[in-house]
Amino acid sequence: MKRSLPTVSVILYKSKLLANGEHPIMLRLCYNGQRKYKSLGLSCSEKLWNEKKEEVRSTHPYAKSMNTLIRAEQDKANNKILELERDKKDYSVSTLVKDLSKSAPTTISLFDMFEERISYFKSTHSHNTATGYRTLLNAIKRYTEDVDYELFEIDSEWIRSFEIYLRDNYKDTSIKKFFDCFKAVMNRAVELGYIKASPFNEYRLIRPLDTKTTKRALGVDEMMTLMRYYMNTYGYGDKPKPNLEKTKKHYWNAKFRRRAHTKLTPIDAEQLSLALFICSYMFQGLALVDLANLKWGDIRDVKVIDKEKYARDSGMFGIDYANEHKEVKDYYEINVARSKTNKPVRILIEQMTITPFLLPFTKDISHLSDDEADEMYVFPIYSEQDDTPEKRFGRMTYANYLVNFNLKRIAERLGMKSLTFYSARHSYASALYHANVPMGLIAQNMGRNPAEIETYLKDFDRDSVIDANQHLYITSTDAYKKAQEERRKETREERAAAWAEWESKREERFAHFLEKMNNFSSCETDNNVEKDRE
């Protein structure tokens, strides 16, 4: 009787739902009434899975690369079964899965390993990670002049030569990212059984890498310079405004066109870049990706009482007077979670301060209802009409390039040091730190974990956040306050001198007035006497 062979099939394992909303793709092996599954490290939605063909549908953005990996794993399992049958070795589905997890094709190369990782990260929508792997692969190809290597050929000597090449062409921060990525690739190769051990286990760098972050904070005076430049260039209120038809530029190139039309900004790219930078600074150092995710529905109006005036009026005129004459300021309150840390951030900013920089972006929602406007992005980075993860990643990549390119031009024009978008976050933290704002409040405002700084700090209230943000402006500096106080003192002295002069001459004026009155009375008496004689 002919003995049946194990069956190898590829299925979408619907019993398990991943965090990304997809199901894992598994290799299923059945033999002698037993069934085992082996993960392929891939996932797919039920809608994009072709159960009959046991592959990803062609409409999937990464169908070609994913199906190639699936077929390779399926062929590897079938080849292993044939090898065991040929050698007449005993096996079960458990030992078969174990052998498949350890064994690997001898033809796997360094470039193949990178391509497999890149395809995997793209399939899980980890586009930033996939881009990092692609960048490293391109660097390796330049180093090897497109010559591929077997994984076992990557040893300590190869890595040392590659490190020398990187040090001649890249900064230490980039080399650190490259090596972290390279180590991960080789560790994955070990897990799959392609190599016995990673060559990085025993490798030591030629010298330590200097990965200290360069201080990129601007002073309050430099931030005020940028704000004045924005106002003087693009106008606000009664100030002259440029002809937008002349300054309008293509914002998205052909790769980032929206469906049916090309996206143009109502403002030019430089204004957009500087407005985003200033908004990041005023929004407590929000990252560009957090600004891109911000929707009008996240911004709400709040009323805040002027505490200083209320306290001053209460002390001078009493509580009743203070309650009748209290002033209320309009603020925007924004509650979001940072994309990087998922930490909640509470932003409070006076409306009058931020309005000039938000105003250019309100034109797209002026004709919409409140509910429709709430779902619109504040800044024209993402698109509501085409909001897939792939398009969001592409738009963010381009926006990051666009903003930093224009910020560099602005800095050169104003004679400032090199400027990047991340400088806004550094500048916000630096301004508050040098104004003696507690570290816990700075961490909370920026979406960091206060426990990492001072574990005993509790959350600060709304007024504390507002008071902290006042240090962002020139009017809150000690020098400005001192100058204002000296000006008020001079005014008081001038008024006091004028009053003293008036007092000194009051008696003289009064005596002159009495003299006039006496003269008037004498004239009246003389006139009456003349009338009586007549």
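Above this text sits the structure in question.
(A) Region of the structure containing the overall build of the protein chain. Looking only at helices and strands, the protein chain has 19 helices and eight strands in total. Among the 534 residues that make up the protein chain, the fraction classed as buried is 39%. Put simply, of all contacts in the protein chain between residues at least 6 apart along the chain, 63% involve residues at least 24 apart. For the protein chain, the accessible surface area stands at approximately 32000 Å², while carbon and sulfur atoms represent 50% of it.

(B) Structural view of helix α16 (residues 423-434). The end-to-end C-alpha separation of α16 is 16 Å, in line with the 16 Å expected for twelve residues at 1.5 Å each. When we look at burial in α16, the residues that qualify are S423, A424, R425, H426, S427, Y428, A431 and L432.

(C) Spatial organisation of the environment of Y382. For Y382, the location among the structural elements is in the loop between α14 (370-374) and α15 (389-414). Along the chain, Y382 and N293 lie 89 residues apart, while their C-alpha atoms are 7.6 Å from each other.

(D) Expanded view of the packing of aromatic side chains. Under the criterion given, the structure shown has 25 aromatic pairs. Ring geometry for Y143 against Y165: centres 5.3 Å apart, planes inclined by 45°, an arrangement best described as tilted. Residue Y143 is located in helix α4 (residues 127-144), and its partner Y165 is located in helix α5 (residues 156-169); the two are separated by 22 residues in the primary sequence. Above the face of the F121 ring, R117 is positioned so that its terminal group lies 5.5 Å from the ring centre.

(E) Region of interest: the packing of α5 against helix α6 (residues 172-191). Relative orientation of the contacting elements α5 and α6 amounts to 150°, with a least axis distance of 10 Å. Classed by the angle they form, the pair α5 and α6 counts as roughly antiparallel. Remark: the crossing between α5 and α6 carries right-handed chirality. Residues W158, I159, F162, E163, L166 and R167 of α5 form the contact with α6, whose participating residues are D172, I175, F178, F179 and F182.

(F) Local environment of the sheet that holds strand β3 (residues 34-44). Across the sheet, three strands lie side by side as β1-β2-β3; this open sheet has antiparallel pairing. A single partner strand is all that each edge strand has here, and the edge strands are β1 (7-12) and β3. Each adjacent strand pair in this sheet contributes to an overall mean axis angle of 20°, direction not counted. Here nine bridges tie strand β2 (residues 23-31) to β3, and the two strands are oriented antiparallel to one another. Looking at the pairing, Y31 lines up with Q34 of β3.

(G) Spatial organisation of unusual backbone geometry. Non-glycine residue K88 carries a positive phi angle of around 55°. Relative to the elements of secondary structure, K88 occurs in the loop between α1 (63-86) and α2 (93-102). In this structure, D146 is a non-glycine residue whose phi angle is positive, near 65°. Locating D146 in the fold gives a position in the loop between α4 and α5.

(H) The sheet that holds strand β6 (residues 299-305), seen in detail. Spatially, three strands are ordered β6-β7-β8 in an open sheet, and the strand pairing comes out antiparallel. The sheet terminates laterally at β6 and β8 (344-350), the two strands that pair on one side only. Here the strands of the sheet are splayed against their neighbours by 35° on average, with no regard to which way each runs. Judged from the seven bridges that link them, strand β7 (residues 328-337) and β8 form a sheet pairing that is antiparallel. From the neighbouring strand, N335 faces β8, where its bridge partner is R346.

(I) Focus on a nonpolar patch on the surface. A surface patch of nonpolar side chains, amounting to about 320 Å² of accessible area, comprises M316, F317 and Y321. Here F317 is to be found in helix α11 (residues 307-317). Residue classification places F317 among the partly exposed positions, given a relative accessible area of 47%.

Rules of the game
Residues numbered from 1 in each chain as written. Predicted model: local features only at pLDDT ≥ 70, side-chain atom pairs only at ≥ 80, totals over all residues. Heavy atoms only, no water. Helix = DSSP H or I, 4+ residues; strand = E, 2+ residues; numbered from the N terminus. Buried < 20%, exposed > 50% of the residue type's maximum accessible area, 1.4 Å probe, protein only. Contact = heavy atoms within 4.5 Å. Areas by Shrake-Rupley, 256 points an atom, 1.4 Å probe, with all protein chains shown as cover. Expected span 1.5 Å × (residues − 1). Phe/Tyr/Trp six-rings, centres within 6.5 Å; stacked < 30°, edge-to-face > 60°. Lys NZ or Arg CZ within 6 Å of the ring centre and 35° of its normal. Axes fitted to C-alpha atoms, helices over the stretch in contact; angles between N-to-C directions. Parallel < 35°, antiparallel > 145°, perpendicular 65-115°, else oblique. Left-handed = near helix turned anticlockwise from the far one by under 90°. Pairing = 2+ DSSP bridges. Patch = residues over 30% accessible without salt bridge, like charges linked within 9 Å, V, L, I, M, F, W, Y side chains within 5 Å. Salt bridge = Lys/Arg side-chain N within 4 Å of Asp/Glu carboxyl O.

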